[in-house]
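# Results of the structural survey
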Amino acid sequence: RVTQRHEEARVADREPPRVPSWRRFLDQFRELVIWILVVAALISALLREPVEAIAIGAIVVLNAVLGFLQEERAARALEALRRLSSPLARVVRDGEVRTVPAAELVPGDRIELEAGDQVPADARLIAAYALRTQESALTGEATPVDKDAAVVMEPGAALADRINLVLMGTSVVAGRGSAVVTATGMATEFGAIAGMLEAEARPATPLQRRLTELGQVLVWTCLAIVAVIGALQLWRGGGLLEVFVLAVSMAVAAVPEGLPAVVTVALALGVQRMARHKALVRRLPSVETLGSVTVVCTDKTGTLTRNEMTVREVVAGNRAFHVTGAGYEPEGSFVARESGRPVDPHAESDLVQALRVGALCNNARVEHGNGGWTVSGDPTEAALRVAALKAGVEGGAAGPQVVHEIPFDPERRAMSVARQHPEGMVTLYMKGAAEVILPLCAFERLGGAVHPLTGERRRELLEESARLAGRALRVLALAYREHPGPQPAYQEEELVFAGLAGMLDPPRDEARPAIQSSRAAGIRPVMITGDHPQTALAIARDVGIAGPLDRVMTGRELDACADDALGERLESVPVFARVSAEHKLRLVHAWKRRGQVVAMTGDGVNDAPALRAADIGIAMGLSGTDVTREAADLVLLDDNIATLVGAVQEGRGIFDNIQKFVHYLLATNAGEVLLMLVAALAGWPLPLLPIQILWINLVTDGLPALALGVEPPERDVMQRPPRPPRAPIISASEGIFILARGVMVAAAGIASFWLAYHQDPARLAQARTVTFCVMAYAQLFYALAFRSRRLTLPQLGLHTNPHLLGAFVLAGLLQLGAVELGWARPFFGVGGPLGSDWLLVAMASLAPVTVVEVAKIVRGWVRRSRAGRREEAPAGV
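Per chain, residues are indexed from 1 in the order of the written sequence. The predicted nature of this model means local features are confined to residues of pLDDT at least 70 and side-chain atom pairs, given and counted, to a pLDDT of 80 or more, with totals for whole chains, interfaces and linings taken over all residues. With hydrogens and water set aside, each side-chain value is computed from the structure's full complement of heavy atoms.

### Some thoughts on the overall build of the protein
Numbering of helices and strands runs from the N terminus, with a helix taken as a DSSP run of H or I at least four residues long and a strand as a DSSP run of E at least two residues long. Along the backbone of the protein there are 30 helices and 28 strands. Out of the 877 residues in the protein, the part that is buried amounts to 55%. Contact criterion: two residues are considered in contact whenever any of their non-hydrogen atoms come within 4.5 Å of each other. Sequence separation of at least 24 residues holds for 69% of the intrachain contacts in the protein that already meet a minimum separation of 6. Accessible surface computed for the protein: about 37200 Å², of which carbon and sulfur atoms make up 59%. Buried, partly exposed and exposed residues are distinguished by accessible area as a fraction of the type maximum, computed with a 1.4 Å probe on protein chains only: under 20%, between the cut-offs, and over 50%, respectively. Only the protein chains shown count as cover for residues, and all accessible areas are computed by the Shrake-Rupley method using a 1.4 Å probe.

Rendered as structure tokens:
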């Protein structure tokens, strides 16, 4: 029967067939812009331009290879997920405990668990003895979960609340237990996440969508213009072959075939800059997506917080102390709550005694090694050990010998340890919930002396515990009892109350400034966590995600909320708690349906599907799991949320640069098309030959556009709101702006051709040469003006973008060589040396950029005048 069940489980868990590599590679050619490149390469080959055809073909292949490799890395997320299962499991078969590979487990098997084990399958507990599991990677719960085999959960209970189950991939941190396997492999909760991850297709980034839309517009515009010019030439008696060559040249001029390559290079350079700032980009288009983000859905544990329990408050005697420092590094101070001043803990005997109880009723170890502090054991106990070390109080293995221990039990919610001191004294140390410990206390330590604990004082301490818990602190009461004899009774009664310790997983120091920067940039932060609602809301308020009147929405409420109602509530709820992987995925989709560009951060396995569904998934590099890192688009190598804000700034700067060179390419190409269109409508000879059009595109669309892609971000980039998610890469006003600049380039070309031609057929070749140079140099000068829409070239300074200066010089020399080198003239259809016509070339080439720069000066003067009038206006006007 076991063999049959194993075969059934193996069949049920088998992986779906994988798409062949060749098919995934061919899928890279589905983009419209890629097909534009393919057509451009074919056109160049027909025109016997092998260099151009090879260059464009190389761009196509390079884009396909990069996309294929990126998808391969993303697919490895599933493989990393499957590796999380424990390689071995202890299973009871034929009445004996055997160790077998975890892959051989089947539903119905009984497994044995103890501290240190990885849970090999989802299982229902049948016995549990102080069993605690760490489930943060799966549920987001920061602290270990106490398990209870006797509990029967009601249907629909949240995953984090199912204390009668153990889940595959989680770990046992304390106790032991037995369980019956209920699911293995892909049928487990981890398997469900794997299924969601596999089914969730990567969405197209905003840049990819905008470039696709732009490509469609360019194709139809190009076809319309080419049809008009071709029809006019045929009507005037032009030969069919001549018209075809012209049409092909115009198509190449109209479509900026270098655009995808320039975008790719600009993104790659941005990736390099971000890597230097601890942000690793796994998918190139994600760089630009960062600049368009409108909503950041952030996990709590490990993202906003350190995922390290820390004691923050200690109440000892009749005083309360705030403990500074965070994490497991034993550095910090103690500050009196009433005065706000630091105190010497050794001068506070009650404080030292409370810390000693916490350190000695403890099995955690805190060690320094490998360049940092590490802990083993329960995180709560580790926090108590670290707090004691901050005051110089030793404990654990360094303390007196343990002679008796009653481990923590979720039913009695307490733990006690008896230790024998060298002089023979035995002391019972106890910690647990305040409502459990205080009734066992008959005395209280006050001012270094032991006093009776009155009923009124007990109520005051319970109220203090409730106040600490209301601030999302996990509160433990600390007590002890001294026995002078070597054979003491270990009864937990007539204890001396030592104090209260309040702890939590603290926010990262950089979390609040990062959230403030996000809000200033128009980005809405939202917390989505599997942790307790009160804890989540307290952390959210601490870091600035939620205000004092905001409330939290739980996973149960999400289940009861229809999609339409959820969409309406999203705007008013900043915190979602006790949520599962399915809930996180649903929230990401809900934001996207509202037209938002969503970034999702996380570090646990339960975050992976939502990370993949988001417009950009962001994983923690240090604390994150392999699954999360493989599913993400961006990995923060230092787990610093402030790095995310820096990445957003870089992303916005990159999108600005993409816009700059897109505007530049379209404006200059529009100038060429308008020049040819006006000449065709006026019945003139062609101002430019097809080979001249191709050469202009080669020297002006390549290096200058690339140099614009590395323009430094403008100073106010993080004070602007995000670009509207549905906005095209070129808005209507920007289209007019581009057309106007194209008209100026075309006007310079038309004027120079007319002045050089003089209706004299003998001067046609010379006129074409003049126009050839004017169109090339006018576009190169234009690149300098496209660095900013507000600042002039002197304000920017040439030195701030040396790449553009180098591109300008190199492209200018190439154009000069095409005209002045004798062997190159026949190839480019150049009539002869320009001589005095160079003056006409210089004046016509500088005219468009001069108009643009003067317009910037005028607009700046108008803006300053208006700002001055607003400042001078009386209040209320």
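Moving on, there is more to tell.
### A closer look at the layout of surface pockets
Of the volumes computed, that of the second largest pocket is approximately 910 Å³. Lining the second largest pocket are 35 residues, and of these Thr143, Leu473, Arg474, Val475 and His532 sit closest to its centre. It is strand S21 (residues 474–483) that contributes the most residues to the lining of the second largest pocket, three residues altogether. Looking at the lining of the second largest pocket, its residues break down into 17 nonpolar, six polar and 12 charged. Cavities and pockets are defined on a 1 Å grid built over the protein atoms alone: a cavity is a set of grid points where a 1.4 Å probe fits but cannot escape, while a pocket is an open set with protein on both sides within 12 Å along at least five of seven lines, and lining residues are those with an atom within 4 Å of any such point. Grid points are joined across faces, edges and corners, and a volume is the space filled by probe spheres set on the points. Polar here means any residue other than Ala, Val, Leu, Ile, Met, Phe, Trp, Tyr, Cys and Pro, which are nonpolar, and Asp, Glu, Lys and Arg, which are charged; Gly is therefore polar.

### Notes on the packing of helix H22 (residues 641–682) against helix H25 (residues 732–757)
Contact pair H22 / H25: the axes reach a minimum separation of 7 Å and the direction vectors enclose 45°. Judged on the interaxial angle alone, H25 and H22 are oblique. Relative to H25, the crossing made by H22 is right-handed. The residues of H25 that touch H22, namely those facing Gln659, His663, Leu666, Ala667, Ala670, Gly671, Leu674, Leu675 and Val678, are Glu734, Phe737, Ile738, Leu739, Arg741, Gly742, Val743, Val745, Ala746, Gly749 and Ile750. When the residues that make up the contact of H22 with H25 are grouped by side-chain class, the tally is 13 nonpolar, five polar and two charged. Angles here are taken between N-to-C directions and fall from 0 to 180 degrees, while the axes themselves are lines fitted to C-alpha atoms, restricted in helices to the stretch in contact. Our angle categories are set so that under 35 degrees counts as roughly parallel, over 145 as roughly antiparallel, 65 to 115 as roughly perpendicular, and the remainder as oblique. Handedness of each helix crossing follows the sense of rotation of the near helix against the far helix: counterclockwise by less than a right angle gives left-handed, clockwise gives right-handed.

### Details of helix H26 (residues 764–785)
For a helix, the expected span equals 1.5 Å multiplied by the number of residues minus one. When the terminal C-alpha atoms of H26 are compared, their 31 Å separation across 22 residues agrees well with the 32 Å that a helix rising 1.5 Å per residue should span. Burial runs high along H26: 20 of the 22 residues are buried.

### Brief notes about the packing of aromatic side chains
Only the six-membered ring of Trp is used, alongside the rings of Phe and Tyr, when aromatic pairs are assigned; centres must lie within 6.5 Å, and planes under 30 degrees apart are stacked while those over 60 apart are edge-to-face, with the rest tilted. Taken as a whole and judged by the stated rule, the model has eight aromatic pairs. Ring centres of phenylalanine 737 and phenylalanine 786 lie 6.3 Å apart, and the angle between their planes is 65°; this geometry places the pair in the edge-to-face category. Pair noted here: phenylalanine 737 is in helix H25 and phenylalanine 786 is in the loop between H26 and helix H27 (793–796), with a separation of 49 residues, a long-range link. Exposure class is identical for phenylalanine 737 and phenylalanine 786. Each is buried. Charge-over-ring placement is defined geometrically: NZ (Lys) or CZ (Arg) within 6 Å of the ring centre, and within 35 degrees of the ring normal. Sitting over the face of the ring of phenylalanine 786, arginine 741 holds its NZ or CZ atom 4.5 Å from the ring centroid. It is arginine 789 that lies over the ring of phenylalanine 737; its NZ or CZ is 3.9 Å from the centre.

### Some words on the pattern of salt bridges
A carboxyl oxygen of Asp or Glu within 4 Å of a side-chain nitrogen of Lys or Arg is what we treat as a salt bridge. Across all of its chains, the model carries 32 salt bridges by this definition. Taking the shortest distance from any N to any O, the salt bridge between glutamate 510 and arginine 508 comes out at 3.9 Å. Of the residues examined, glutamate 510 reaches a relative accessible area of 22% and is grouped as partly exposed. What makes arginine 508 buried here is its relative accessible area of 14%. The closest approach of N and O atoms between arginine 720 and aspartate 656, which form a salt bridge, is 2.8 Å. Of this pair, arginine 720 sits in the loop between helix H24 (703–708) and H25 while aspartate 656 sits in helix H22; the two residues are 64 residues apart in sequence, bridging distant segments of the chain.

### Here's the deal with the pairing of strand S18 (residues 426–432)
Of all seven residues in S18, seven are buried, a share of seventy percent or more. What you see with S18 is no split at all: Val426, Leu428, Met430 and Gly432 on one side and Thr427, Tyr429 and Lys431 on the other are buried throughout. In the sheet, strand S17 (residues 414–420) pairs with S18 via seven bridges, with the strands oriented antiparallel. Its bridge partner lying in S18, arginine 419 is registered against threonine 427. Pairing between strands requires that DSSP locate at least two bridges from one strand to the other. Here S17 folds back onto S18, and the loop between the two strands holds five residues, one of which, glycine 424, carries a positive phi near 100°.

### What to know about a nonpolar patch on the surface
Each patch is built from residues that are more than 30% exposed by relative accessible area and take part in no salt bridge. Like charges join if they lie within 9 Å; nonpolar side chains (Val, Leu, Ile, Met, Phe, Trp, Tyr) join within 5 Å. On the surface, Leu798, Leu805, Val809, Leu813 and Leu816 cluster together to form a nonpolar patch covering roughly 400 Å² of accessible area. Looking at the secondary structure, you find valine 809 in helix H28 (residues 802–820). For valine 809, a relative accessible area of 43% translates into the label partly exposed.

### Comments concerning unusual backbone geometry
Glycine aside, negative phi is the norm for most residues, and most peptide bonds take the trans geometry. If you check the backbone angles, alanine 130 has positive phi at about 50° while not being a glycine. Tracing the backbone through its elements, the reader meets alanine 130 in strand S4 (residues 122–134). One non-glycine residue, arginine 413, lies in the positive phi region at around 55°. The topology assignment puts arginine 413 in the loop between strand S16 (401–409) and S17.

### Considering a positive patch on the surface
A surface patch of like charges, here positive, comprises Arg789, Arg859, Arg863 and Arg864. Among the structural elements, arginine 864 can be located in helix H30 (residues 837–872). On the basis of relative accessible area, arginine 864 is assigned to the exposed category, the value being 56%. The charge count includes Lys and Arg as positive and Asp and Glu as negative, but it does not include His or the ends of the chains. By convention, charge coordinates are those of NZ in Lys, CZ in Arg, CG in Asp, or CD in Glu.

### Quick word on the nonpolar core
In plain words, nonpolar cores are sets of buried Ala, Val, Leu, Ile, Met, Phe, Trp, Tyr and Cys residues tied together by side-chain atoms within 4.5 Å. Of all hydrophobic cores here, the largest spans 131 residues; its most connected members are Leu634, Leu644 and Phe772. The element that contributes the greatest number of residues to this core is H22, accounting for 19 residues. Residues in contact with phenylalanine 772, not counting those within four places in the same chain, are Leu688, Gln692, Trp695, Ile696, Gln815, Ala818, Val819, Phe828 and Val830. Of all hydrophobic cores here, the second largest spans 39 residues; its members include Met309, Val314, Val393 and Ala501.

### Remarks on the confidence of the model for the protein
Every residue gets a pLDDT, meaning the predictor's confidence in that residue, from 0 to 100. Summary statistics for the protein give a mean pLDDT of 80 and a share of 81% for residues scoring 70 or more. When the criterion is pLDDT under 50, residues 1–16 qualifies, and its contacts beyond four places in sequence or with other chains add up to 17 contacts.

### As for the sheet that holds strand S8 (residues 279–281)
Strand order in the open sheet formed by eight strands is S8-S28-S27-S26-S9-S23-S25-S24, with mixed pairing between adjacent strands. Only two strands of the sheet have a single neighbouring strand rather than two, namely S8 and strand S24 (552–554). Taking the axes of each pair of neighbouring strands and ignoring which way they run, one obtains an average angle of 20° across the sheet. For strand S27 (residues 616–620) and strand S28 (residues 634–636), the ladder comprises three bridges, and the chain directions are parallel.

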